[in-house]
Amino acid sequence: MAKNSIPWVDTALSQFSDKLTHQLHGHAYLIGLDKGYGGDELALGMAKALLCQKATPRGGCGFCKACLLFKANNHPDFYRIEADGHQIKVDQVRELCRQLTATAQQGGRRVAVLFNSERLNLAAANALLKTLEEPGKETVLLLQSDTPSRLMATISSRCQRVKVLLPTLQVIRTWLMNTLGIEQDATWCLPVVGGPIALAQSIQTGDYDALLRFRKAWAQSLASGRLSTELMALDDPQVLDAITILYLVLKQKLVKQTDLDAIVRMKIVDLSADIMQQYHQLKLMPNINVSALFSSYIDDYQQIVK
């Protein structure tokens, strides 16, 4: 997806840049913002501002040598750590800590970003503690996390929190229209894709069209009592998406059909809870007869509403 202004990220970056220009920045920050909402963009924007030789109230200037090196992914004093597989491992952190003891090659700050820092394994987290406490002069660590609650308390307590005001649905709709020129409301599937950035990418790649087909297929299946062919041959990621969309379809029924009998409403709520429980089980154990599972959802629904 092409880089575009992200209002809620821009606001957080401006607040950080203001502290930076007044020399009020800290040495370690926790950016508890999901990638789907721009956590990566915010972390990189903060890193660019910290390395910039002429930082502005809105972040890096974009024109100095440091900004040009950063844009080319070639700044010698910028370090990025990402999970090796499912974890950030101790050897990665030890090597980072060793590199951060060296003198900055550009004579400014040294900045490290750890993406998905909740994936630090126990040994890696412990190896990072000392550097978080005493990072060295002109060294700043930025820990981005999709789920900051999973971080060790000893890690998160040593970082300043970056505050981000999450966008309302209307802000997201406006942003999607300004970014992609789409006028239809696509925010219904945010719980499926994981956030507005991911939604925009899904629209551009055409994956959003598949989600629309799943929603239509579930609506037809629930109405007819027969599983749509659209839902019979899905790969593992699509199965999880389809289950989440069924949950959203049932939730929408509860919102729109205000005249539903109270007992029926309660049973649909219970069915929705069972569906999401199955979703979490499938994430761990994906091998299952999908058609049989989906058909059972249709049968359960028919038993409730008949």
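This text follows the structure it describes.
Here's what I pulled together on the structure shown here. From a predicted model like this one, the values you see are computed outputs, not experimental measurements. (Residues numbered from 1 in each chain as written. Predicted model: local features only at pLDDT ≥ 70, side-chain atom pairs only at ≥ 80, totals over all residues. Heavy atoms only, no water.)

### Section: the overall build of the protein
Part 1: Looking only at helices and strands, the protein has 13 helices and five strands in total.
Part 2: Here the C-alpha coordinates of the protein stretch approximately 75 × 40 × 35 Å along the principal axes.
Part 3: Summarising the internal contacts of the protein: among those between residues at least 6 apart in sequence, 71% fall at separations of at least 24.
Part 4: Element-wise, carbon and sulfur atoms account for 51% of the exposed surface of the protein, whose accessible area totals about 16,400 Å².
Part 5: Averaging the locations of the 33 positively and 29 negatively charged side chains of the protein gives two centres separated by 6 Å. (Helix = DSSP H or I, 4+ residues; strand = E, 2+ residues; numbered from the N terminus. Contact = heavy atoms within 4.5 Å. Areas by Shrake-Rupley, 256 points an atom, 1.4 Å probe, with all protein chains shown as cover. Lys, Arg positive; Asp, Glu negative; His and termini not counted. Charge placed at Lys NZ, Arg CZ, Asp CG, Glu CD.)

### A word on the pattern of salt bridges
Part 1: Counted by the stated rule, this structure contains seven salt bridges.
Part 2: Residue Glu82 is joined to Arg80 by a salt bridge in which the shortest nitrogen-to-oxygen separation is 3.5 Å.
Part 3: Looking at Arg80, the relative accessible area reads 40%, which means it is partly exposed.
Part 4: Put simply, Asp84 and Lys89 hold a salt bridge, and the shortest N to O gap is 3.6 Å.
Part 5: On the accessibility criterion, Asp84 (42% relative accessible area) is partly exposed.
Part 6: Judged by its relative accessible area of 34%, Lys89 is partly exposed. (Salt bridge = Lys/Arg side-chain N within 4 Å of Asp/Glu carboxyl O. Buried < 20%, exposed > 50% of the residue type's maximum accessible area, 1.4 Å probe, protein only.)

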